[in-house]
Amino acid sequence: MKVEDISAETLGGLNEMAAEGLIAWAIENFGDRAAIGTSFQLTGSVIVDLAAKRFKSFRVFTIDTLRLHPETYAAINDFETRYGLAIERFQPNHNKLEKMVSRFGEYLFFMDKAKQEYCCDIRKVEPNERALDTLDVWITGLRKDQSEGRGTVPRAEVIEQKGRKILKLAPLADWTAEEVRRYIDEQRLPYNTLFDKGYDSIGCIICSTPLIPGDPPRAGRWRWFNALDAEHKKECGIHVNKS
Ligand code: SF4
């Protein structure tokens, strides 16, 4: 199947499918051209497990910014062991990273919003685009209740990526945080242990911090920008639709 051949009716049907069925449909129809992208949020644990219940082999990739928390690297190893997976790691382009660091230093994200976005572009967005070059179906862990900006995330949508159509799935779009956590506990899944230390959304070390009572879910990201326009400060660019 090609993404271009997916009719509006099929897309509508995908948006009605439960998580397990949607993941299975993607892997059955697209094989290695479908991949789960995860940064080892709790939703990643659930999606990988749902895929593993139906398939012995399937693709999982992560963006290794080279600044992940030790607990995140440990989670990657735990998943590989539990499911017998070789998780694909997409890292920043070495030359672009060198150029950025030699010009602005390692901690440019503290300077201003533009430098934070530049850092995210080099360490996350560009490697993620390279990952997307290898697939037709991108299975994500986005959920509607993660932030106001994600409140309308569909379970299935076709996006443009470098002039090419990609089917982007969010099988857990309608799951609540409590449902995700319950599934992990009931199935005794491996997960990123930062979630036991007050974190609710995990990215790079320094840029993601634990929540304090009363914080919205993504307040721990780039905390020093919280006094500004919160919604704009809480996306790294990976899930900004360019179509
Ligand atoms: S989260 Fe922070 S360190 Fe990681 S890529 Fe973005 S700005 Fe850079």
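Some points on the overall build of the protein
No. 1: When you go through the protein residue by residue, the secondary structure sums to seven helices and six strands.
No. 2: The C-alpha atoms of the protein give a radius of gyration of 17 Å, which matches the 18 Å a tight globule of 243 residues would have.
No. 3: Each of the 243 residues in the protein was classed as buried or not, and the buried ones make up 39%.
No. 4: Across the protein, every contact between residues at least 6 apart in sequence was considered, and the portion connecting residues at least 24 apart equals 70%.

Thoughts on the pairing of strand β6 (residues 164-169)
No. 1: Here strand β4 (residues 137-139) runs beside β6; their pairing, made up of three bridges, is parallel. Counted as the bridge partner of Trp 138 is Lys 168 from β6.
No. 2: In this structure, strand β5 (residues 156-161) lies alongside β6, joined through six bridges in antiparallel fashion. Directly across from Glu 157, in β6, lies its bridge partner Lys 168.
No. 3: Between the end of β5 and the start of β6, which pair antiparallel, lie two residues, with Lys 162 showing a positive phi angle near 50°.

Here's the deal with the environment of Gly 31
No. 1: With respect to the helices, strands and loops of the structure, Gly 31 is situated in the loop between α2 (19-30) and β1 (34-37).
No. 2: A count of 15 C-beta atoms within 10 Å places Gly 31 in the partly exposed class.
No. 3: For the pair Gly 31 and Asp 136, spaced 105 residues apart in the sequence, the C-alpha separation amounts to 9.7 Å.

Comments concerning the site of the ligand
No. 1: Taken together, twelve residues surround the ligand, and among them Phe 109, Cys 119, Arg 123, Cys 204 and Cys 207 come closest.
No. 2: By residue class, the composition of the shell around the ligand is six nonpolar, three polar and three charged.

As for the sheet that holds β4
No. 1: If you trace the six strands from one edge of the open sheet to the other, you get β3-β2-β1-β4-β6-β5, paired in mixed fashion. Strand pairing shows two members of the sheet lacking a second neighbour, β3 (88-90) and β5, which therefore form its edges. Neighbour to neighbour, the strand axes of the sheet diverge by 30° on average, direction disregarded.
No. 2: One ladder, built from three bridges, connects β1 with strand β2 (residues 59-63); its direction is parallel. The partner of Ala 35 across the bridge, within β2, is Arg 59.

Some words on helix α4 (residues 70-83)
No. 1: Taking 1.5 Å as the rise per residue, α4 with 14 residues should run 20 Å; its terminal C-alpha atoms sit 20 Å apart, in good agreement.
No. 2: Those residues of α4 that fall on the buried side of the exposure criterion are Thr 72, Ala 75, Ile 76 and Phe 79. Buried residues of α4, seen end-on, are gathered within an arc of 105° and therefore sit on one face of the element. Away from its buried face by more than 90 degrees, α4 exposes Pro 70, Asn 77 and Thr 81.
No. 3: Looking at the buried residues of α4, the elements they touch are α3 (42-54) and β2.
No. 4: Backbone geometry just after α4 places Gly 84 at a positive phi near 65°.

Considering the nonpolar core
No. 1: Counting 45 residues, the largest nonpolar core has Ile 23, Ala 26, Ile 47, Ile 139 and Leu 169 as the members making the most contacts within it.
No. 2: Discounting residues that sit within four places of it in the chain, Ile 47 has contacts with Ile 23, Ile 36, Thr 38, Ile 139, Gly 141, Pro 171 and Leu 172.
No. 3: With nine residues, the next largest nonpolar core counts Phe 109, Cys 119, Cys 120 and Ile 122 among its residues.

Conventions we followed
Residues numbered from 1 in each chain as written. Predicted model: local features only at pLDDT ≥ 70, side-chain atom pairs only at ≥ 80, totals over all residues. Helix = DSSP H or I, 4+ residues; strand = E, 2+ residues; numbered from the N terminus. Rg over C-alpha atoms; globule rule 2.2 N^0.38 Å. Buried ≥ 20, exposed ≤ 12 C-beta atoms within 10 Å, placed from the backbone. Contact = placed C-beta atoms within 7 Å. Pairing = 2+ DSSP bridges. Near = placed C-beta within 6 Å. Nonpolar A, V, L, I, M, F, W, Y, C, P; charged D, E, K, R; others polar. Axes fitted to C-alpha atoms, helices over the stretch in contact; angles between N-to-C directions. Expected span 1.5 Å × (residues − 1). Arc of directions from axis to C-beta. Core = buried A, V, L, I, M, F, W, Y, C linked by C-beta atoms within 7 Å.

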